[in-house]
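A look at the structure
One-letter residues, chain by chain:
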Amino acid sequence: MSLNGVSVALVHGAWADGSSWSKVIGPLQDAGANVVAAQLPLTSLAEDVAALERTLDRVEGQVVLVGHAYAGAVIAETRNPKVQALVYVAALAPDEGETVAAVFGRAEPHPKAPALDPDPEGLIWLPREAFAAAFAQRATAEEQALLAAAQRPIALSNITTEVQRPLWKDRPSWFLVAEEDRMIAPETQRFMAERMSARQVSKPVDHAPMVTAPDVVADIILDAARSASTTGEPS
């Protein structure tokens, strides 16, 4: 099925940047999608949403919005009428009045999950060893080293700000549950996906499947894009 000009906007989470989607962008483009990757400052939820809006301003037509991890909260804050569908990749989906931290902490952490404490500037960095232990344990040592070197810290305020009515209540959503996620508990992901009434896909992947299982991620995004291509823009 043709994508009929549907675009895909990819949004990274904490401790990452837009380059984390590099293995997914090619397959999406090969399938005919126009792809953009937002670069979030990770300095506040409001500033991240503003950065996403600037990215959406550069895109014409219908959009499938994809968020990884923390970015699940970001993509649900937009009210841009171009957005036809949301895709959550091992992501966090707080409901209205909830915070990212609250939903993240629903379950006991994995034994290899890192302690996450802000530095004196209020920024949370992921310990270098956590990229191999919990963030992307299925990645190669070289990929883990690159992720660690390029990480962006996230401000504590990003995860302690209550969200507005999330867009997933008004748009169809897809959710990739990462069964081997050591950062966000799989049971928490399933809880969120069921609460959202998302089209749920569960796979034995780690917290960073866009790096370690890009074909799985691309297939889910393309499913959403094909669905969006058959709909008109919402009123």
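Residues numbered from 1 in each chain as written. Predicted model: local features only at pLDDT ≥ 70, side-chain atom pairs only at ≥ 80, totals over all residues. Heavy atoms only, no water.

**Points about the overall build of the protein chain**
The test is simple: By definition, any uninterrupted DSSP run of H or I lasting at least four residues is a helix, any uninterrupted run of E lasting at least two residues is a strand, and each is numbered from the N terminus. The cut-offs for exposure are 20% and 50% of the maximum accessible area for each residue type, with area from a 1.4 Å probe on protein chains only; residues under the lower value are buried, those over the upper are exposed, and the others partly exposed. In what follows, residue pairs with any heavy atoms lying within 4.5 Å of each other are defined as contacts. Here the Shrake-Rupley method, with its probe set to 1.4 Å, supplies the accessible areas, and only the displayed protein chains count as covering residues. Think of it this way: Lys and Arg go in the positive column, Asp and Glu in the negative one, and His and the chain ends go nowhere. Charge positions are represented by NZ for Lys, CZ for Arg, CG for Asp and CD for Glu.
Looking only at helices and strands, the protein chain features 10 helices and 8 strands. Considering the protein chain as a whole, with its 235 residues, one finds that 55% of them fall into the buried category. In the protein chain, of all internal contacts separated by at least 6 residues, the share reaching a separation of at least 24 is 71%. Counting only carbon and sulfur atoms, one obtains 50% of the accessible surface of the protein chain, whose full area is about 9700 Å². Placing the 19 positive and 30 negative side-chain charges of the protein chain at their respective mean positions leaves the two points 4 Å apart.

**Brief notes about the environment of Ser-157**
Tracing the chain through its elements places Ser-157 in helix 7 (residues 156-160). Note on Ser-157: relative accessible area 32%, which makes it partly exposed. For Ser-157, the residues in contact, after removing those within four places along its chain, are Thr-43 and Ser-44.

**So, the pairing of strand 8 (residues 199-203)**
Filter applied, for reference: A strand pair is defined by DSSP finding two or more bridges across the two strands. Convention used here: a crossover is right-handed provided that the path from the first strand, over the helix, to the second strand proceeds clockwise when the strands point away from the viewer.
Judged from the 5 bridges that link them, strand 7 (residues 173-178) and strand 8 form a sheet pairing that is parallel. Looking across to strand 8, one finds that Leu-176 is bridged to Val-201. Each parallel crossover has a hand, and for strand 7 linked through helix 8 (residues 186-196) to strand 8 it is right-handed.

**A word on the nonpolar core**
For clarity, the threshold we go by: Throughout this description, the term nonpolar core refers to a set of buried Ala, Val, Leu, Ile, Met, Phe, Trp, Tyr and Cys residues connected via side-chain atoms within 4.5 Å.
Core analysis: the largest hydrophobic core is formed by 81 residues, its most contacted members being Leu-28, Val-64 and Tyr-88. Examining the composition of this core, we find that 8 residues originate from one element, helix 10 (residues 214-229), more than from any other. In contact with Val-64, not counting residues within four places along its chain, are Val-6, Ser-7, Val-8, Ala-9, Ala-85, Val-87, Ala-224, Ala-225 and Ala-228.

**Side note on the packing of aromatic side chains**
Just so we agree on the cut-off: Planes of paired rings set the category: under 30 degrees apart is stacked, over 60 is edge-to-face and the rest tilted, where pairs are Phe, Tyr or Trp rings (Trp by its six-membered ring) whose centres lie within 6.5 Å. A ring is scored as having a charge over it whenever the NZ atom of a lysine or the CZ atom of an arginine sits within 6 Å of its centre and within 35 degrees of its normal.
Tallied over the entire structure, the rule returns 2 aromatic pairs. Consider the rings of Tyr-88 and Phe-175, whose centres lie 5.9 Å apart with planes at 5°: the pair is stacked. Here the residue Tyr-88 occupies a position in strand 4 (residues 83-89), and Phe-175 occupies one in strand 7, the gap between them amounting to 87 residues. Residue Phe-175 is classed as buried on the basis of its relative accessible area of 0%. The ring of Phe-191 has Arg-106 sitting right over it, with the charged end atom 3.6 Å from the ring centre.

**Thoughts on the pairing of strand 4**
Strand 4 sits mainly inside the fold: 7 of its 7 residues count as buried. Alignment of strand 4 against strand 7, held across 4 bridges, turns out to be parallel. Within the sheet, the bridge partner assigned to Leu-86 lies in strand 7 and is Ser-173.

**Some points on unusual backbone geometry**
Of note in this structure, Asn-4 is not a glycine but carries a positive phi near 50°. Along the chain, the position of Asn-4 falls in the segment before strand 1 (7-11). Judged by relative accessible area, which is 53%, Asn-4 ranks as exposed. Even without being glycine, Ala-69 reaches a positive phi, approximately 55°. Taking the relative accessible area as the measure of exposure, Ala-69 reaches 7% and is therefore buried.

**Some thoughts on the sheet that holds strand 7**
Threshold: Helix axes are fitted to C-alpha atoms over the stretch in contact, other axes to C-alpha atoms as well, and angles between N-to-C directions run from 0 to 180 degrees.
The strand order across the open sheet built from 6 strands is 2-1-3-4-7-8, with neighbouring strands paired in parallel fashion. The two strands at the open ends of the sheet, each matched to only one other strand, are strand 2 (34-38) and strand 8. For this sheet the average axis-to-axis angle between neighbouring strands, irrespective of direction, equals 15°. Here strand 1 runs beside strand 2; their pairing, made up of 5 bridges, is parallel. For Ala-9, the partnering residue across the bridge sits in strand 2 and is Val-36. In this fold helix 10 packs onto strand 1, strand 3 (63-68), strand 4, strand 7 and strand 8, with an angle of close to 170° to the strand it touches most, strand 7.

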